[in-house]
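Each chain, letter by letter, is given below.
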Amino acid sequence: MTSIDSLPPEILLQIFHWATYDPALFDNRPSWRNYDLGASYESEDPWPRPSDYTRSIATALALTCTRWNALATEFELRYITVDDMPRLKYYLGRIRKLVQTGKEGDKAAECPIRRMILMLVKERVWTEEDTEAVVSLIRSCPNLEVLINECFADGEMHAAGPVLLQSLADACPKLKRLHWKTMGCMQLLPSAWSTILASSSLATSLEALEIESPPGFPAHGSTPTPASLLELSSLHCLQLCVNEDHASLISAIVDEWQLPSLTSLYLTSSHHPTIQGVLSLISTHGQSLTTLAMDRSTSGDIPLSVLPPAPIQELVYNGDDLEETTVIPLYSLSTLVARLGLTRSRSLTSDIFAALELLHGLQSDDLTELKDVVVLEQSFDTLQEPHPIEAQGLTENQRLWVERWQKDTPRLVNRNGVRLFALVSADGRQH
């Protein structure tokens, strides 16, 4: 019997990559379809979550032949999470050993890390030594494509944020996605974002940028840094926290940034969003926008009627706030995604009527391109076909609620595109 090791290396490599491919690891396109309605935290996170399934596949393949064993070692380092300093030092040691001793044909192995989550939490002050350790890891990852920075510290003795961003700019020319979600440290002045990105390859490589951290404040007595014009030519997704304390960053993005390829704008807030900042963002960078998403808090403070005209085709909005909406000035809108917060009953029929009641006030007569109203609600996600509702027992109000959804468009559907309900007669026949 022929050994599997006798197969050409190219074939073995292709099989391994096919078996362990996880699109979520490097998917740079956010979507409301990734919202986890059952999660208590980050339930409106539009980014796909990597699966543990591919890791188990890699582990199994590693036991099959020596070639796959080597590939599995690299696969283990492809996607890493650094949650403490000992773990950081562990990965630094692994990388150095692999690069120095690993062989790929006649060449030394490259660092395989493509995606990194930094979750270092310091209960004490963040020091220069901490920053130097993180910078060393970043500099060891020239093939890094995704960085999610969620570091937290109660205080810091120096400006860590600009140092880390500069190290990314210097060492990671392939970076496509950058998430800056730090708390308590690593804050950046708006001028630092503009200056560092504009002077590096990140200005052309970045496809998605998320900034949730509030901007820093200039040091007392420091000279303001002159504004730098920044063009992010490949950036198609921008995700921003639009709290009032982010107003200086939003102003810089409006006044100093050029985003010619921007198609998706995701807005979040925890309290008091800056309404004027949101309107300015859409007015300035909305010419190419096709998707606008607002989380619950932002939707509650920014009515759709005040939005400036934009060629938005897909809108994600809090369904509870649609009840008061009379005008939606987005005349290219084809998909309206309504995130509902229903109190679940024991009856799916009751949940559907609760959703219909919330959406009854929605005026869509002027939205001639509207094809689908998607209801994001956990109880509807499992529907694989329309839920039958008997027409004979409807009240007068319920007849009004269901009437508008009996036409071909717009359709009322769940996140998988299945209509929520179908009217049936007493004998079960569909109307």
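We now turn to the structure provided with this report. Being a predicted model, the structure only gives us computed values, none of them experimental.

How each quantity is defined
Residues numbered from 1 in each chain as written. Predicted model: local features only at pLDDT ≥ 70, side-chain atom pairs only at ≥ 80, totals over all residues. Heavy atoms only, no water. Buried < 20%, exposed > 50% of the residue type's maximum accessible area, 1.4 Å probe, protein only. Helix = DSSP H or I, 4+ residues; strand = E, 2+ residues; numbered from the N terminus. Pairing = 2+ DSSP bridges. Core = buried A, V, L, I, M, F, W, Y, C linked by side-chain atoms within 4.5 Å. Contact = heavy atoms within 4.5 Å. Axes fitted to C-alpha atoms, helices over the stretch in contact; angles between N-to-C directions. Parallel < 35°, antiparallel > 145°, perpendicular 65-115°, else oblique. Left-handed = near helix turned anticlockwise from the far one by under 90°. Nonpolar A, V, L, I, M, F, W, Y, C, P; charged D, E, K, R; others polar. Phe/Tyr/Trp six-rings, centres within 6.5 Å; stacked < 30°, edge-to-face > 60°. Lys NZ or Arg CZ within 6 Å of the ring centre and 35° of its normal. Salt bridge = Lys/Arg side-chain N within 4 Å of Asp/Glu carboxyl O.

### A look at the pairing of strand E17 (residues 372-376)
Then, number 1: Counting buried residues along E17, five of its five residues qualify, which places the element largely inside the surrounding structure.
Then, number 2: Burial of the side chains of E17 extends over both faces: Asp-372, Val-374 and Leu-376 are buried on one face and Val-373 and Val-375 on the other.
Then, number 3: With five bridges connecting them, strand E16 (residues 335-339) and E17 associate as parallel partners. Residue pairing across strands places Ala-338 opposite Val-375, the latter belonging to E17.
Then, number 4: Here E17 pairs with strand E19 (residues 411-413) via three bridges, running parallel. Paired with Asp-372 across the strands is Arg-411, a residue of E19.

### Quick notes on unusual backbone geometry
Then, number 1: Following Thr-409, the chain continues into Pro-410 via a peptide bond in cis, with omega recorded as -5°.
Then, number 2: Of note, Pro-410 is situated in the loop between helix H15 (396-403) and E19.
Then, number 3: Despite not being glycine, His-272 shows a phi value in the positive range, around 45°.
Then, number 4: In this fold, His-272 is placed in the loop between strand E13 (264-268) and helix H11 (275-285).
Then, number 5: A residue is classified by how much of its surface remains accessible, and His-272, at 53% relative accessible area, is exposed.

### Looking at the nonpolar core
Then, number 1: Judged by nonpolar contacts, the single largest core of 107 residues is most densely connected at Met-116, Leu-178, Trp-193 and Phe-421.
Then, number 2: Those residues in contact with Trp-193 that sit more than four places away from it in its chain are Leu-165, Leu-178, Trp-180, Leu-188, Leu-209, Ile-211, Leu-230, Leu-249 and Trp-257.
Then, number 3: Residues Tyr-35, Cys-237, Val-316 and Val-374 belong to the second largest nonpolar core, which totals 13 residues.

### Remarks on the packing of helix H1 (residues 9-20) against helix H4 (residues 66-76)
Then, number 1: Viewed as axis vectors pointing N to C, H1 and H4 meet at an angle of 45°, and their least axial separation amounts to 10 Å. Comparing their axes, H4 and H1 come out oblique. Crossing of H1 against H4: the hand is right-handed. Two secondary-structure elements touch here, H1 through Pro-9, Leu-12, Leu-13, Ile-15, Phe-16 and Thr-20 and H4 through Arg-67, Trp-68, Leu-71, Ala-72 and Phe-75.
Then, number 2: Looking at the contact of H1 with H4 residue by residue, the classes come out as nine nonpolar, one polar and one charged.

### Regarding the side chain of His-387
Then, number 1: With respect to the helices, strands and loops of the structure, His-387 is situated in strand E18 (residues 387-390).
Then, number 2: When neighbours within four sequence positions are excluded, His-387 is seen to be in contact with Leu-348, Thr-349, Ile-352, Arg-419, Leu-420, Phe-421 and Ala-422.

### So, the packing of aromatic side chains
Then, number 1: Summed over the entire model, instances satisfying the criterion amount to three aromatic pairs.
Then, number 2: Ring centres of Phe-16 and Phe-75 lie 6.2 Å apart, and the angle between their planes is 80°; this geometry places the pair in the edge-to-face category. Residue Phe-16 is found in helix H1, and its partner Phe-75 is found in helix H4; the two are separated by 59 residues along the sequence. In terms of burial, Phe-16 and Phe-75 fall into one category: buried.
Then, number 3: The side chain of Arg-177 reaches across the aromatic face of Trp-47, ending 4.1 Å from its centre.

### Quick notes on the packing of helix H7 (residues 160-171) against helix H8 (residues 190-198)
Then, number 1: The geometry of H7 relative to H8 is characterised by a closest axis approach of 9 Å and an angle of 20° between their N-to-C directions. Between H7 and H8, the crossing angle belongs to the class labelled roughly parallel. Handedness of the H7/H8 crossing: right-handed. Between H7 and H8, the residues in contact are Pro-162, Leu-165, Gln-166 and Ala-169 and Ala-192, Trp-193, Ile-196 and Leu-197, respectively.

### So, the pattern of salt bridges
Then, number 1: Tallied over the entire structure, the rule returns six salt bridges.
Then, number 2: Between Glu-369 and Lys-371 there is a salt bridge, with its nearest N and O atoms 3.9 Å apart.
Then, number 3: Owing to a relative accessible area of 39%, Glu-369 belongs among the partly exposed residues under this scheme.

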